[in-house]
Amino acid sequence: MSKRSLVESVLSLLDIEDIEKLKAEYFNGNEEKLSFNDAQNEEEREEMLEEWLDSIKWKFVEELKIELYDGIKYKIKFCD
């Protein structure tokens, strides 16, 4: 399973309207972040998420973090 597929599988288990922010961390220390505004509807969030996922250089991602509005955090660590 590819890194992106794994992340998409995890995200599909969550309600997108519960997600506050996402962060992809690369092996070199760089980061790509996505934050949602709680006023955004599900459709806007889905579109933003898809664009963000497309922009990620998955080959170089070391870790992905998901933070929900209720404070719950998820971390996916990739080992290459």
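Above: the structure in question.
Residues numbered from 1 in each chain as written. Predicted model: local features only at pLDDT ≥ 70, side-chain atom pairs only at ≥ 80, totals over all residues. Heavy atoms only, no water.

Colleague: An account of the nonpolar core is requested, with residue identities and associated values reported.
Modeller: Counting 21 residues, the largest nonpolar core has Val7, Ile19, Leu22, Leu49, Trp52, Leu64 and Ile66 as the members making the most contacts within it. Those elements that provide at least two residues to this core are α1 (3-12), β1 (19-26), α2 (42-55) and β3 (61-68). (Core = buried A, V, L, I, M, F, W, Y, C linked by side-chain atoms within 4.5 Å. Buried < 20%, exposed > 50% of the residue type's maximum accessible area, 1.4 Å probe, protein only. Helix = DSSP H or I, 4+ residues; strand = E, 2+ residues; numbered from the N terminus.)

Colleague: Which residues make up the environment of Met1, and what values do they have?
Modeller: In this structure, Met1 sits in the segment before α1. For the pair Met1 and Leu34, spaced 33 residues apart in sequence, the C-alpha to C-alpha distance is 23 Å. Residues in contact with Met1, not counting those within four places in the same chain, are Leu6 and Ser9. (Contact = heavy atoms within 4.5 Å.)

Colleague: Provide a residue-level description of the packing of α1 against α2, including the pertinent values.
Modeller: A pair of packed helices is characterised by two quantities: the angle between their axes and the separation of those axes. Two elements in contact, α1 and α2, have axes whose closest approach is 11 Å; the angle formed by their N-to-C orientations is 160 degrees. In terms of axis orientation, α1 runs roughly antiparallel to α2. The chirality of how α1 crosses α2 is right-handed. Across from Arg4, Val7, Glu8 and Leu11 in α1, the residues of α2 making contact are Leu49, Glu50, Leu53 and Asp54. Residue classes in the contact of α1 with α2 are distributed as 4 nonpolar, no polar and 4 charged. (Axes fitted to C-alpha atoms, helices over the stretch in contact; angles between N-to-C directions. Parallel < 35°, antiparallel > 145°, perpendicular 65-115°, else oblique. Left-handed = near helix turned anticlockwise from the far one by under 90°. Nonpolar A, V, L, I, M, F, W, Y, C, P; charged D, E, K, R; others polar.)

Colleague: Kindly report on the environment of Glu8, identifying the contributing residues and their values.
Modeller: Looking at where Glu8 falls in the secondary structure, it is placed in helix α1. Note on Glu8: relative accessible area 31%, which makes it partly exposed.

Colleague: Give me the pairing of β1: which residues, what numbers.
Modeller: The pairing of β1 with β3 spans 7 bridges and is antiparallel. Among the inter-strand pairings, Lys21 is bridged to a residue of β3, identified as Glu67. As defined by bridge partners, β1 adjoins strand β2 (residues 31-35) across 5 bridges and the pair is classed as antiparallel. When the bridges of β2 are listed, Leu22 appears paired with Leu34. Between the end of β1 and the start of β2, which pair antiparallel, lie 4 residues, with Gly29 showing a positive phi angle near 95 degrees. (Pairing = 2+ DSSP bridges.)

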